[in-house]
Amino acid sequence: MGAWNALRRAGRLALDALLPPQCLCCGELVGEPGVLCPGCWDSIDFITPPLCACCGAPFELDPGPDALCGGCVREPPRFARARAVFVYADPGKGLILRFKHADRTDMAPAFARWMARAGADLVAEADLIAPVPLHWTRLLRRRFNQAALLANALAQLSGRTAAPGLLIRRRRTPSQGNLGRDARGRNVRGAFAVRDPAPVAGRRILLIDDVLTTGATLGECSRVLLKAGAAAVDVLTIARVVRPS
């Protein structure tokens with residue numbers, strides 16, 4: 001084992017000499033692959049307590065333990081808890097767009113490490129880690145499901161069980177990008193199904209996606225999982241949209 005580790009370190013040093021590791025965000029040289037330089041790290045709005053005990057939205061002031069935001073009080077989500085690594089704004093937004101649309105699949109392990117820290121309690125209690133699925137036509141065009149890459153990397157990192165085929169997307173939905181909250185909900189209603197209820201019954205499911213916007217997609221996935229017998233559904237994303245209070 002010692003010889004193997006020494007060989008791996010030597011290989012890493014040789015690779016770094018040929019292709020020096022770069023910051024995931026700006027490309028500046030860094031000490032190891034899959035990290036941010038100090039400047040980019042400081043510029044990303046990472047989400048830390050205090051935050052809503054349910055949806056994970058950050059609070060400006062600490063209202064005390066187990067406090068809920070106004071949105072969760074008015075309309076409780078179908079999922080039990082949601083957590084995210086950072087606010088969906090530049091430069092973090094650019095990281096996600098490169099991951100999804102520029103084939104930067106090499107970012108998945110770094111994102112998984114950040115997600116494991118941001119959602120440590122959720123990961124520890126999860127029985128299954130499941131991604132939000134893509135419709136097969138979109139998967140064919142993009143060639144990978146970013147949520148599945150994150151779910152698999154997180155499962156490998158944490159030792160939990162990945163369930164990449166737990167959910168299916170029954171119909172292709174138009175892009176949610178330009179839709180409001182109510183329209184997003186209508187758009188995804190009935191779009192998802194549980195492939196096989198047997199693994200779901202009595203389990204706590206951790207749903208994985210890249211961004212939480214209004215929660216419509218993750219809420220619909222949670223609904224069908226709970227209907228299939230899941231004990232509870234939590235949500236973990238790289239980023240979330242944070243709207244002004």
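In this report, we go over the structure that sits alongside the text. Predicted, not measured: the structure shown is a model, and the values here were computed from it. (Residues numbered from 1 in each chain as written. Predicted model: local features only at pLDDT ≥ 70, side-chain atom pairs only at ≥ 80, totals over all residues. Heavy atoms only, no water.)

**Considering the sheet that holds strand E7 (residues 232-240)**
Part 1 of the reasoning: Overall, parallel pairing links the five strands, which are arranged E1-E7-E6-E2-E3 in an open sheet. The open sheet has two edge strands, strand E1 (81-87) and strand E3 (161-162), and neither has a second partner.
Part 2 of the reasoning: As defined by bridge partners, strand E2 (residues 128-131) adjoins strand E6 (residues 204-212) across four bridges and the pair is classed as parallel. Paired with Ala130 across the bridge in E6 is Leu207.
Part 3 of the reasoning: Packing of helix H5 (residues 108-118) onto the sheet brings it into contact with E1, E6 and E7, and relative to E1 it is tilted by some 130°. (Pairing = 2+ DSSP bridges. Helix = DSSP H or I, 4+ residues; strand = E, 2+ residues; numbered from the N terminus. Contact = heavy atoms within 4.5 Å. Axes fitted to C-alpha atoms, helices over the stretch in contact; angles between N-to-C directions.)

**Things to note about the pairing of E6**
Part 1 of the reasoning: A large share of E6 lies buried, amounting to eight of its nine residues.
Part 2 of the reasoning: One ladder, built from eight bridges, connects E6 with E7; its direction is parallel. What sits directly across from Leu212, in E7, is Arg240.
Part 3 of the reasoning: Read as a crossover between parallel neighbours, the route from E6 over helix H10 (residues 216-227) to E7 is right-handed. (Buried < 20%, exposed > 50% of the residue type's maximum accessible area, 1.4 Å probe, protein only. Right-handed = clockwise from strand over helix to strand, strands pointing away.)

**As for the packing of H5 against helix H8 (residues 146-158)**
If you want to describe how two helices pack, look at the angle between their axes and the distance between the axes.
Part 1 of the reasoning: In the contact formed by H5 and H8, the axes pass within 8 Å of each other and the chain directions differ by 60°. Judged on the interaxial angle alone, H8 and H5 are oblique. The chirality of how H5 crosses H8 is right-handed. Contact residues: Ala108, Pro109, Phe111, Ala112, Arg113, Met115 and Ala116 in H5; Leu149, Leu150, Ala153, Leu154 and Leu157 in H8.
Part 2 of the reasoning: In the contact of H5 with H8, the residues fall into 11 nonpolar, no polar and one charged. (Parallel < 35°, antiparallel > 145°, perpendicular 65-115°, else oblique. Left-handed = near helix turned anticlockwise from the far one by under 90°. Nonpolar A, V, L, I, M, F, W, Y, C, P; charged D, E, K, R; others polar.)

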